[in-house]
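Descriptive structure summary
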Amino acid sequence: MSAEETESKPRTYGNWMKPEEKGILPGLGPLGTGIIFMVCIVLVLLVIKTEWIAATCVTLAGVMLLWLVTHRDQHGKSAADKIIVRVGWWRSRRKKENVWRAGTLGYGRPGSVMLPGILGQVELAEGTDATGVPFGVLFCPRQDTYTVVVNSSPSGEDLVDRDQIDRWVAMWGVFKADMADEQGLQHFGVTIETRPENPLQLKQEVDRLRGPREEEDEFSMSVLQEIVRTYPRGSTDVQAYLFFTFSADRGKRKGVSTKKKRLQEFLQEFGPRLPYLVQKVQETGAGACHPMSAQELCRYVRIAYDSQAKDLFEEADALGQDVTMDWSQCGPMAAEASWDSYRHDGDVSVTWELTQAPRGAVQSSILRRFLSPQANLSSKRVTWLFRPVPPEKTGDLVDSDVITAQYQMTLNKSKPTARAMRRMRAATQTAEEEANGAGLENFSAFCTATIAKDADLHDATAAVESLAATARLRLRKVYGSQDSAFAACLPLGLDTRRYTVIPAEVSEKL
């Protein structure tokens, strides 16, 4: 192969592994193994005491428990997980927790339109960075975290050389590796949102750039008017948002007790660091970036829960009217979660979660079709959540993955499965790269599709799932928790691991 052919060969990426805890049986973690051993000990004691009826009951219970934990579907969900979701959904419907009403006759303070569900306790504040630019800060009491959101306008990859794209991908990898050293960072994420373009935006921009009427050329104005009338047809608006969620425990360790003082402590520490963080984001090819202010966050959340509000905001901007909103007025007037969808004001949304990353090697354009706009959707939102692993823990983590892969190889020494051999190769390669200084992170993803009519729900769902297949992603609807998944897909820094009935750390070890 010549040097030119080697240079023209596209770069590939991959080597993703789903974290697994090793146990005595496939699909069984250390905690589940311990429970099975305890059942066996109790069974032996009952047999010694000739308690045959009790021993039979314990045996049946142990077998049933083992089946519930180890029997998994194609998405990795065990039978026990599905039972817990069903019970939780039945309980929420019985208590009417899936229904939300706001306003004078609704929940919350009289006259307020608060956010529903897990966003109900989130608070909004505002600070200024080192350059005097205001930025909004979201405080989540349940997570005890602060979140800052950065708005980006990516230019895309059209008419961009492959070398430049590879450089952007490399800088994005460096940026994610640097996030592991960011002080107090719990997780960060990226949200790509697409929605049909509003013709008022182009008209507003053209009117802003027009000169005095006496200097206007009749032919030029006719061309501009034709562009304003025809160009917005079929065009889309693509926006990207990056959010960074920091722990609020640092203020507690310093002896700062009150919530207001902890917020001031965070603003004083993070304000000078924000311009540097925005600059690092721009180097990854994200385009022009700026931190979102409190008013911008209010507007974004209001549009997310009611897509029709976007036209009203843009019409007010075109007329030069200043719209000021309060955080307590950003929620929907009515919302109701069903088993597999979520209705909020005049829209209906469906949210999926990522259950399996692409297998094998992929190119940098693997997500192009999945992230592309869809004409039959009011909006499509894809959120990737990254949790960097602290550098002091990466070594132990990759060693544990290697040991787990070796254990799976020994389960069938005569003929190991192809999946076990692939996992062994991936674990070994990851360990080598970590020894050379590479970072590690856990990631997950959500996708929300919003439509304006129930009749289009089936077609929109099928379109999203087919596009996910082209990206080699395996998605699963978040059954029974569509309202919480919708909120988690917004770039507001929510981590669903903090809202589960069984803590994520415990369920992973089962």
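Conventions used here
- Residues numbered from 1 in each chain as written.
- Predicted model: local features only at pLDDT ≥ 70, side-chain atom pairs only at ≥ 80, totals over all residues.
- Heavy atoms only, no water.
- Helix = DSSP H or I, 4+ residues; strand = E, 2+ residues; numbered from the N terminus.
- Buried < 20%, exposed > 50% of the residue type's maximum accessible area, 1.4 Å probe, protein only.
- Contact = heavy atoms within 4.5 Å.
- Areas by Shrake-Rupley, 256 points an atom, 1.4 Å probe, with all protein chains shown as cover.
- Core = buried A, V, L, I, M, F, W, Y, C linked by side-chain atoms within 4.5 Å.
- 1 Å grid on protein atoms, 1.4 Å probe; cavity = no way out; pocket = protein on both sides within 12 Å on 5 of 7 lines; lining within 4 Å.
- Points joined across faces, edges and corners; volume = space filled by probe spheres on them.
- Nonpolar A, V, L, I, M, F, W, Y, C, P; charged D, E, K, R; others polar.
- Salt bridge = Lys/Arg side-chain N within 4 Å of Asp/Glu carboxyl O.
- Expected span 1.5 Å × (residues − 1).
- Polar contact = N/O pair within 3.5 Å; in protein donor to acceptor, adjacent residues only side chain to side chain.
- Pairing = 2+ DSSP bridges.
- Patch = residues over 30% accessible without salt bridge, like charges linked within 9 Å, V, L, I, M, F, W, Y side chains within 5 Å.
- Axes fitted to C-alpha atoms, helices over the stretch in contact; angles between N-to-C directions.
- Parallel < 35°, antiparallel > 145°, perpendicular 65-115°, else oblique.
- Left-handed = near helix turned anticlockwise from the far one by under 90°.

**What to know about the overall build of the protein chain**
- Each helix and strand counted, the protein chain has 18 helices and 13 strands in total.
- Counting over 510 residues, the protein chain shows a buried share of 40%.
- Long-range contacts, defined as pairs at least 24 residues apart, comprise 78% of the intrachain contacts of the protein chain with a sequence gap of at least 6.
- On the protein chain, roughly 28100 Å² of surface is accessible, and the fraction owed to carbon and sulfur atoms is 56%.

**Overview of the nonpolar core**
- Formed by 48 residues in total, the largest nonpolar core has its most connected members in V137, F244, F266, F270 and F370.
- Those residues within four positions of F244 in sequence are excluded, and the remaining contacts are Y146, T147, V148, V150, F175, M179, L185, H187, F188, L277 and V281.
- Within the second largest apolar cluster, 35 residues are counted, among which are A102, C140, V301 and A304.

**Points about empty space enclosed by the protein**
- This structure, assessed with the given rule, holds three cavities of 30 Å³ or more.
- The volume enclosed by the largest cavity comes to roughly 40 Å³.
- Here the residues of the lining of the largest cavity sort into five nonpolar, one polar and no charged.

**A look at the pattern of salt bridges**
- For the structure on display, the rule yields 14 salt bridges.
- The partner of E441 in a salt bridge is K176, and the shortest N-O contact between them spans 2.9 Å. Taken together, the residues span a long stretch of sequence, with E441 in strand β12 (residues 441-451) and K176 in helix α5 (residues 162-179) at a distance of 265 residues.
- The class for E441 is partly exposed, based on a relative accessible area of 23%.
- Measuring nitrogen to oxygen at the nearest pair gives 3.3 Å for the salt bridge that ties E193 to R381. Of this pair, E193 sits in strand β5 (residues 185-196) while R381 sits in strand β11 (residues 379-388), and the two are 188 residues apart along the sequence. Assigned by exposure class, E193 and R381 land together as buried.
- It is possible to trace a salt-bridge network through shared partners that takes in K77, E353 and R476.

**Description of helix α11 (residues 294-305)**
- Under the 1.5 Å per step criterion, the end-to-end length of α11 is 17 Å for 12 residues, consistent within 8% with the ideal 16 Å.
- Among the residues of α11, those classed as buried are A294, L297, C298, Y300, V301, R302, I303, A304 and Y305.

**Description of the environment of Q482**
- Structurally, Q482 can be placed in helix α17 (residues 482-489).
- Not counting the four nearest positions on each side in its chain, Q482 is found in contact with S338, W339, D340, S341, Y342, S349, V350, T351 and K477.
- At 2.9 Å, the side chain of Q482 and the backbone nitrogen of T351 are in polar contact.

**A closer look at the pairing of β12**
- Counting buried positions along β12 yields eight of 11 residues, so the element is predominantly enclosed.
- Where strand β10 (residues 347-356) lies against β12, six bridges are found, and the strand directions are antiparallel. Bridge pairing in β12 places W352 opposite C447.
- One ladder, built from 10 bridges, connects β11 with β12; its direction is antiparallel. Each residue of the ladder has a partner; that of T383, found in β12, is F446.

**Some words on unusual backbone geometry**
- A positive phi angle, near 55°, is found at T50, a position not held by glycine.
- One can find T50 in the loop between α2 (30-48) and α3 (52-70).
- Unusually for a residue other than glycine, D345 sits at a positive phi of about 50°.
- Position of D345 among the secondary structure elements: in the loop between β9 (342-344) and β10.
- For D345, a relative accessible area of 24% gives the class partly exposed.

**Examining a nonpolar patch on the surface**
- On the surface, L31, I35, L65, I84, V501, I502 and V506 cluster together into a nonpolar patch covering about 520 Å² of accessible area.
- Position of L65 relative to the elements: it lies in helix α3.
- L65 sits in the partly exposed class, given a relative accessible area of 34%.

**A few points about the environment of V301**
- Here V301 shows up in helix α11.
- Exposure remark for V301: the relative accessible area of 0% places this residue in the buried category.
- Sequence-wise, V301 and G331 are 30 residues apart; in three dimensions their C-alpha atoms are separated by 7.4 Å.
- Leave out the neighbours within four places in its chain, and V301 touches L115, W327, C330 and L492.

**Overview of the packing of helix α14 (residues 391-410) against helix α15 (residues 418-435)**
- Where α14 meets α15, the closest approach of the two axes is 9 Å, and the angle between their N-to-C directions is 160°. By the angle between their directions, the pair α14 and α15 is classed as roughly antiparallel. Judged by the twist between their axes, the crossing of α14 over α15 is left-handed. Between α14, through T394, G395, V398, D401, V402, A405, Q406, Q408 and M409, and α15, the contact on the second element is made entirely by A420, M421, R423, M424, A427, T428, T430, A431 and E434.
- Partitioned by chemical class, the residues of the contact of α14 with α15 number nine nonpolar, six polar and three charged.

So far we have only geometry, and geometry alone does not tell us how the molecule works.
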